[in-house]
Amino acid sequence: MLTEIASEQQAALIVMGIGRHRPIDRLLGGETTLRAIRRAHCPVLAIGGDFNLPFREVVIATDFSAASAKAAESVLPLLAPDATVHLLHVWQPRAIDDPRLQALDEAYLQTLPTKFARMREMLALPKEMTVDEEIREGKIAERVLDFAAAHHADLIVAGRQGLNVFARLTVGSVTTSLLRGASCSLLIAT
């Protein structure tokens, strides 16, 4: 399989088409790109829509984890020097009516500027790039896809959590939803 060859060759990136997303393909397990993402030890770039390198309008979905940082680092060589990079964090508040949980949510929101600053510092993007920080509430995949569509992104970048065998076989619903819903290219890294 492609992922085994990529592992043997110590490939830095696997590039493939985004694939078809018909219900019959899902039922029969015919989503080749999703299977590759499940098994890959390196980032997978799923090409979709109008593909032109270098990427100019990029949404980096981040939860500030090691996987999302690796995904962000992986895309840097593929970006135009004057690219626009949107660092997008999507989260769901815990409760609306419980004052204790509201306080925890507020405390969490207060940590985000520091987390964004660390992400920017780690990425060390060229000064020519426009970088903005965005926070959205709601279901992650839906908000990321909506944001990417609204900004006419040509690439969405995200990390995939979990490196154990079980996690690889059950790629999360966020990754699956991004792959199935993206109208642009998608880079997923572990």
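Worth saying up front: this structure is predicted, and the values here are computed from it rather than measured.

Tell me about the pairing of strand β6 (residues 155-159), and name the residues and values.
Summarising burial for β6: four of the five residues are buried, a large majority. Pairing of strand β3 (residues 55-61) with β6, which is carried by three bridges, proceeds in the parallel orientation. Bridge pairing in β6 links Val58 to Leu155. Taken together, the five bridges between β6 and strand β7 (residues 185-189) define a ladder with parallel strand orientation. In the sheet register, Leu155 faces β7, and the bridge partner there is Ser185.

So what's going on with the sheet that holds strand β2 (residues 44-47)? Residues and values would help.
The strand order across the open sheet formed by seven strands is β1-β2-β7-β6-β3-β4-β5, and the pairing between neighbours is mixed. Here the strands that pair on one side only, and so sit at the sheet edges, are β1 (14-17) and β5 (130-137). Averaged over all adjacent pairs, the angle separating strand axes in this sheet is 20°, with direction ignored. As paired elements, β2 and β7 share three bridges and run antiparallel to each other. Bridge pairing in β7 places Leu45 opposite Leu187. Along the sheet face, helix α8 (residues 173-181) touches β2, β6 and β7 and points at about 160° away from the line of β7.

Which residues make up the side chain of His89, and what values do they have?
By secondary structure assignment, the location of His89 is in strand β4 (residues 79-91). Residue His89 is classed as buried on the basis of its relative accessible area of 3%. A polar contact is formed between the side chain of His89 and the backbone oxygen of Thr62, at a distance of 2.8 Å. Setting aside its immediate chain neighbours within four residues, His89 contacts Thr62, Asp63, Phe64, Tyr108, Leu112, Phe116, Glu134, Ile135 and Arg136.

Calculation notes
- Residues numbered from 1 in each chain as written.
- Predicted model: local features only at pLDDT ≥ 70, side-chain atom pairs only at ≥ 80, totals over all residues.
- Heavy atoms only, no water.
- Buried < 20%, exposed > 50% of the residue type's maximum accessible area, 1.4 Å probe, protein only.
- Helix = DSSP H or I, 4+ residues; strand = E, 2+ residues; numbered from the N terminus.
- Pairing = 2+ DSSP bridges.
- Axes fitted to C-alpha atoms, helices over the stretch in contact; angles between N-to-C directions.
- Contact = heavy atoms within 4.5 Å.
- Polar contact = N/O pair within 3.5 Å; in protein donor to acceptor, adjacent residues only side chain to side chain.

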